Amino acid sequence: MNSKEMVEPVYRVVFLQQAEVFEIYARYIYPSDLYGFVEVEQLLFGERSQLVVDPGEEKLKNTFADVKRTFIPMHAVIRIDEVSKEGKPTVTKTDGVNNVSLFPGPGGTPAGRR
């Protein structure tokens, strides 16, 4: 095995939560035993000794400070990518316009979404 094969993958998870788009990085992602959730483990936040402080990244660090594993609802996940290296976690406010359509579930269109 060469060193490239031994490196653990890094995943970028982009999801929507309370009118904000969160982009986080993690080592492990898999479907949860809790129906309808994705489990995300070992969150990655880069160096803690940076001189420049990004408020979005600090918000994420504080939000997930003592979290061992987080469960994200599948319908909130926008995208999951396997990336070559960890990036900068971000939080972006949405302008209230939702450009992401929900996948139709059983029973057709939710009430009020026609």
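Relevant structure appears above.
(A) A look at the overall build of the chain. Scanning the chain from terminus to terminus reveals 2 helices and 6 strands. Listing every helix and strand of the chain by position from the N terminus yields α-β-β-β-α-β-β-β. Looking at the chain as a whole, 26% of its 114 residues qualify as buried. When contacts within the chain are restricted to residue pairs at least 6 apart in sequence, those whose partners lie at least 24 apart make up 61%. Accessible surface, the chain: about 8700 Å² in total, of which carbon and sulfur atoms supply 53%.

(B) Representation of unusual backbone geometry within the structure. The phi dihedral of A19 is positive, around 60°, even though this residue is not glycine. Tracing the backbone shows A19 in the loop between β1 (10-17) and β2 (20-31). With a phi close to 50°, Q42 is a non-glycine residue in the positive phi region. Inspection of the secondary structure puts Q42 in strand β3 (residues 37-44).

(C) Local environment of the nonpolar core. I24, V40 and F64 are the most contacted members of the largest nonpolar core, which totals 15 residues. Those elements that provide at least two residues to this core are β1, β2 and β3. Broken down by element, this core gets its largest block of residues, 4 residues, from β2. Setting aside residues up to four positions removed in sequence, F64 forms contacts with F15, F22, I24, L43, F45 and T70.

(D) Up close: the pattern of salt bridges. What the rule picks out here adds up to 5 salt bridges. In this structure, R69 and E41 form a salt bridge, with 2.7 Å as the shortest nitrogen-oxygen distance. In this pair, R69 is assigned in strand β4 (residues 69-73) and E41 in strand β3, connecting sequence segments 28 residues apart. Relative accessible area serves as the criterion here: at 40%, R69 is assigned to the partly exposed category. For E41, a relative accessible area of 17% corresponds to the buried category. Taken together, the shared-partner salt bridges in this structure form one network comprising R12, R79 and D81.

Conventions adopted
- Residues numbered from 1 in each chain as written.
- Predicted model: local features only at pLDDT ≥ 70, side-chain atom pairs only at ≥ 80, totals over all residues.
- Heavy atoms only, no water.
- Helix = DSSP H or I, 4+ residues; strand = E, 2+ residues; numbered from the N terminus.
- Buried < 20%, exposed > 50% of the residue type's maximum accessible area, 1.4 Å probe, protein only.
- Contact = heavy atoms within 4.5 Å.
- Areas by Shrake-Rupley, 256 points an atom, 1.4 Å probe, with all protein chains shown as cover.
- Core = buried A, V, L, I, M, F, W, Y, C linked by side-chain atoms within 4.5 Å.
- Salt bridge = Lys/Arg side-chain N within 4 Å of Asp/Glu carboxyl O.

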